[in-house]
Every structure is written in C-alpha cells, then in structure tokens.
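Spelled out, the chains give:
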Amino acid sequence: MNTPARYIIVVLALIISLHYIVSFTHEPYGRATSLSSIASKFKSSPSTDTTISDNFPFHSSDYKWTPSGTGNDTLVVDRHANATFVILCRNSDMQNTVKSIREIEDRFNRRYRYPYVLLNEEEFTDEFKRRVSILTSAKMEFGLIPHDHWFQPDSIDEAKAKAGRDKMVEKNIIYGGSVSYRNMCRFNSGFFFKHPLMQKYRWYWRIEPDVHFHCNIEYDPFLFMEDKKKVYSFTITMYEYEATIPTLWGHVMDFAKLHPEFIAKDNSLGFMSSNNGQTYNLCHFWSNFEIADMEFWRGPAYTAFFEYLDAKGGFYYERWGDAPVHSIAAGLFASRDQIQFFDDIGYEHNPYTHCPKSKETWEKGRCTCDQSRSFDYDGYSCMSKWDKFIEN
C-alpha cells in the first residue's frame, strides 16, 4: 500500500474513533447522528409541490425586509403624524432620486418609516418603481399629475408668454426660456397638495432628487411642527432673482388690500419689507426643502391668494417661483411664531448648504457638512435678516 493511502486510512480511523467517543459521552450528539435520525431527514414531506421558481431566489408572500443596523433602527411606533414625504421627479431623475431617498432613510426615516408619494407628469416606469421601492420598507405610492394641474392653461396668451421667455433668454436668466420649469413652479405653488394621493395627509416634507441630508435627525420634525402649532419650516433663505418676479409684489399688495381679513396680526412682513410693504426686499425661504401643514395651503386665505395670482398669469408671463409665492403667503397669513427654522437639519441642494451653527449640534448629529462653508451668512443669504427680525 502506498504512503498516501496509509495516511487516508489513519485519518478516517481517527474521525470514526472521535465520533464514537463523542456519541457515548454526549447524548444529544448521539441522538442527532444516529442512523434513525439521519434516515428521517430523507423521508418525503407532506408537500407535493417541489418545483423551484424560475426566478429563484424567491421570497414567500409574507416576506418583509427589515432594515439592518443597530438597535437604534427600531421602528418608532408610539406616535406618528399624519404625514408623508413628497417628491416631484421624472423617470430620468431615477438615480438622483435613489440618492435622496437613501440619505433621508439613513439619517431619519429608517426609524420612523413615514410614507412617500412620488409625482410625475408622465407615468413612472416599472424600472423606476423597482429601483426606489427597495430603499425602504415604508409605504411608497406613485402618482400621475392631472393634465390641468401641470400644463400651461388655455387662458394664457402664448404669444405674450413667449415674448416674456425670449426676453429672459436674452438676459441669460436661469430657466428663462423653459415652459416646463414654469409648469413645475405653478404646480408646486397651487396643486401638489390637491393631488389624490396627497389628500389623505396633513403634513408633508418636500424632497427633491440629488439633495443631501448631512446630519442624523433623532426626533420627529413632523410631530415637532404639530405640537408647536407651526405651519411652515425652512433651512435656507435667500434673495430671489428680481427679473423673474417684476410684478409679483404689486399683485400681493393689491390682494392684501382686498382681503385684510387674511393678514395675520403678528405676521412676518418685516422680514420681507423694510418699509411696511411699499417694496419687497426679495427675501424668501428656499422651497426645495419644506416641512409644512397642507391645511394651511388648503385653507381659505391661501386658496384665494393662489387663485388671484394664477389669474394674473405671472407664472408664465414672467417666471414666478413657488419659493417666493409660498414664502410671502406664510409671511403674511401665518404669525411669525408659526414659521420654523430647522438649524439642526443639515441640508444641501447644489450649490447651497445649510450646516448647523453650533459645534454641539454638529457633533450630536454626526454631520458631514463643513460648518465653515454653510450658506447661512453668505452675502446672498437672508439669514441675518431673519435673525434680526425674530429677535425684535
């Protein structure tokens, strides 16, 4: 017998010897490795269907993915607001939408699992739905925007609107020639909260594709807003491009004179104007981040306000944005203590970033933003005006 064969026999002998020794000294092992136990494993099961799915691997219908991580990921179930995230996006925004959802899930929603509503003027593709749906175990709904809520209304004089767009293109005004951008601004100003998928909710958190959340959010901003009786919140405030809204403020003041009953007693006019409304200083809240109460937008004051502005045609003849429209409405129809600045929510929408001001808040949130590069007190920011207004 050659040498390799002798080694194999010796090894097998050792294994068999160890098996018998352990079988006699450890009863559970002996039972588990007995011939009767091994034979029982090969008996046919009651099931008659042994076919493997063509799409193997597969999950049973009651499978539910659970976020991985530490115990801090446990779902907070004691109390939730009637709230949702809302994302306006296109199929072409798929990868950037994935990034935004991944970040808000990691920084906040993996512990709260608030639902998502995604809206598009075209049907979302199956591939889009598949890519974003796997990012969360929260409810996710996909909606088609009604035609009349998105496209330029027939009441608009297209020749006049085109002349206005052409002038803005000549002046190199961003989105100056875009009709779709104007559709978006009008939709966000007066229609998103009317969408059938949004009707069942009161609160919303607006998220856009390719935004970044730089800090952990260890509490529920929705409940904070609800408990403190807030109606609108922001993280960044800045000046609007005056050439896009040349007649907006005049129409706002005309509306205020027609409806003094809607003007809040302790409003924020002083933040937007230094001369009691004669002129607009262009300060507004950057609306790509909003956490707000849709009952405010659905209420009589804002409904009348939007319909008044919409009838003037400025969303198309000029380029009125939803940011100044929302900001002016919140500033006039809500009291100043109903508007919340979330300093602790680190947020970025290119090219601007808000980073928490205090070192303690920055460290507690494990923030990734650079405090020294926060936009808050940049020359184009209105944050110093807001600080001064609130302190008075």
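You'll find the structure just up there.
Note that the structure is predicted; figures quoted are calculated from it, not measured. (Residues numbered from 1 in each chain as written. Predicted model: local features only at pLDDT ≥ 70, side-chain atom pairs only at ≥ 80, totals over all residues. Heavy atoms only, no water.)

Draft legend 1. Representation of the sheet that holds strand 3 (residues 140-144) within the structure. The mixed open sheet is built from seven strands, whose spatial order is 3-2-1-4-9-6-10. Each of the sheet's edge strands pairs with one partner strand only, and the pair in question is strand 3 and strand 10 (339-341). On average, each strand axis in the sheet is inclined to that of its neighbour by 20°, with strand direction left out of account. As defined by bridge partners, strand 2 (residues 116-120) adjoins strand 3 across five bridges and the pair is classed as parallel. In the sheet register, Val 117 faces strand 3, and the bridge partner there is Glu 141. (Pairing = 2+ DSSP bridges. Helix = DSSP H or I, 4+ residues; strand = E, 2+ residues; numbered from the N terminus. Axes fitted to C-alpha atoms, helices over the stretch in contact; angles between N-to-C directions.)

Draft legend 2. Structural context of the pattern of salt bridges. Counted according to the given criterion, the structure contains 17 salt bridges. Among the ionic pairs, Arg 206 bridges to Glu 208, the shortest N-O distance being 2.7 Å. (Salt bridge = Lys/Arg side-chain N within 4 Å of Asp/Glu carboxyl O.)

Draft legend 3. Fine view of the side chain of Lys 230. Within the secondary structure, Lys 230 is located in the loop between helix 9 (221-227) and strand 6 (232-234). At 3.3 Å, the side chain of Lys 230 and the side chain of Gln 340 are in polar contact. Dropping the residues within four chain positions of it, Lys 230 is found in contact with Trp 203, Phe 224, Met 225, Asp 293, Asp 337, Gln 338, Ile 339 and Gln 340. (Polar contact = N/O pair within 3.5 Å; in protein donor to acceptor, adjacent residues only side chain to side chain. Contact = heavy atoms within 4.5 Å.)

Draft legend 4. Summary view of the packing of aromatic side chains. Summed over all chains, the structure comprises 46 aromatic pairs. Centre to centre, the rings of Tyr 232 and Trp 297 are 6.0 Å apart; their planes meet at 80°, and the pair counts as edge-to-face. Separated by 65 residues along the polypeptide, Tyr 232 in strand 6 and Trp 297 in helix 12 (residues 294-298) bring together distant segments of the chain. Residue Tyr 232 is classed as buried on the basis of its relative accessible area, which comes to 0%. With a relative accessible area of 0%, Trp 297 lands in the buried category. Judged by centre distance (5.4 Å) and plane angle (10°), the ring pair of Phe 271 and Phe 285 falls under stacked. Taken together, the residues span a long stretch of sequence, with Phe 271 in helix 11 (residues 269-272) and Phe 285 in strand 8 (residues 283-285) at a distance of 14 residues. Since its relative accessible area comes to 2%, Phe 285 is described here as buried. Here the basic side chain of Lys 160 rests over the ring of Tyr 317, its NZ or CZ set 4.3 Å away from the ring centre. Sitting above the plane of the Phe 389 ring, Arg 336 keeps its charged end 4.1 Å from the centroid. (Phe/Tyr/Trp six-rings, centres within 6.5 Å; stacked < 30°, edge-to-face > 60°. Buried < 20%, exposed > 50% of the residue type's maximum accessible area, 1.4 Å probe, protein only. Lys NZ or Arg CZ within 6 Å of the ring centre and 35° of its normal.)

Draft legend 5. Structural context of unusual backbone geometry. Cis peptide bonds are those with omega within 30 degrees of zero, and the linkage from Asn 350 to Pro 351 qualifies with 10°. With respect to the helices and strands, Pro 351 occurs in the loop between strand 11 (347-349) and strand 12 (352-354). At Leu 282, a position not held by glycine, the phi torsion is positive, near 80°. By secondary structure assignment, the location of Leu 282 is in the loop between helix 11 and strand 8. In this model, Arg 366 sits at a positive phi of 50°, which is unusual for a non-glycine residue. Secondary-structure assignment places Arg 366 in the loop between helix 16 (359-364) and helix 17 (383-391).

Draft legend 6. Representation of the packing of helix 10 (residues 248-258) against helix 13 (residues 300-312) within the structure. Their axes nearest at 11 Å, the elements helix 10 and helix 13 cross at an angle of 135°. Classified by the interaxial angle, the pair formed by helix 10 and helix 13 is oblique. As for how helix 10 packs across helix 13, the hand of that crossing is right-handed. Packed against helix 10, whose contacting residues are Leu 248, His 251, Val 252, Asp 254, Phe 255 and Leu 258, the element helix 13 presents Ala 301, Ala 304, Phe 305, Tyr 308, Leu 309 and Lys 312 at the interface. Counted by class, the contact of helix 10 with helix 13 contains nine nonpolar, one polar and two charged residues. (Parallel < 35°, antiparallel > 145°, perpendicular 65-115°, else oblique. Left-handed = near helix turned anticlockwise from the far one by under 90°. Nonpolar A, V, L, I, M, F, W, Y, C, P; charged D, E, K, R; others polar.)

Draft legend 7. Helix 15 (residues 322-333), seen in detail. Helix length check: helix 15 (twelve residues) gives 16 Å between terminal C-alpha atoms against 16 Å at 1.5 Å per residue, within 8%. In terms of burial, helix 15 is a largely internal element, twelve of the twelve residues being buried. Restricting attention to buried positions, one finds in helix 15 the residues Asp 322, Ala 323, Pro 324, Val 325, His 326, Ser 327, Ile 328, Ala 329, Ala 330, Gly 331, Leu 332 and Phe 333. (Expected span 1.5 Å × (residues − 1).)

Draft legend 8. Highlighting the side chain of Asn 183. When you line up the elements, Asn 183 lands in helix 8 (residues 179-190). A residue is classified by how much of its surface remains accessible, and Asn 183, at 5% relative accessible area, is buried.

Draft legend 9. Highlighting the nonpolar core. Counting residues in each nonpolar core, the largest one holds 60 residues, and the members touching the most others are Tyr 232, Trp 297, Phe 305, Ile 328, Phe 333 and Trp 386. Residues in contact with Tyr 232, not counting those within four places in the same chain, are Met 225, Phe 285, Ser 287, Glu 290, Ile 291, Ala 292, Trp 297, His 326, Ala 330, Gln 338, Ile 339 and Gln 340. Counting 38 residues, the second-largest nonpolar core is a separate cluster that includes Tyr 114, Phe 124, Phe 222 and Ile 291. (Core = buried A, V, L, I, M, F, W, Y, C linked by side-chain atoms within 4.5 Å.)

Draft legend 10. View of the pairing of strand 1 (residues 83-88). Most of strand 1 is tucked away: six of the six residues are buried. By the alternation rule, side chains of strand 1 split into Ala 83, Phe 85 and Ile 87 and Thr 84, Val 86 and Leu 88, which are all buried. Across five bridges, strand 1 lies against strand 4 (residues 203-207) in parallel orientation. Bridge pairing in strand 4 places Ile 87 opposite Ile 207. With four bridges connecting them, strand 1 and strand 2 associate as parallel partners. What sits directly across from Phe 85, in strand 2, is Tyr 116. Remark: the strand 1/helix 4 (residues 94-109)/strand 2 crossover connection has right-handed handedness. (Right-handed = clockwise from strand over helix to strand, strands pointing away.)

Draft legend 11. Quick peek at the packing of helix 10 against helix 15. Interaxial distance between helix 10 and helix 15 falls to 12 Å at its minimum, and their mutual angle equals 30°. On the basis of their axis angle, the class for helix 10 and helix 15 is roughly parallel. You can see that helix 10 and helix 15 cross each other, and the crossing is right-handed. Along the contact surface, helix 10 presents Leu 248, Trp 249, Val 252 and Phe 255, while helix 15 presents Pro 324, Ile 328, Leu 332 and Phe 333.

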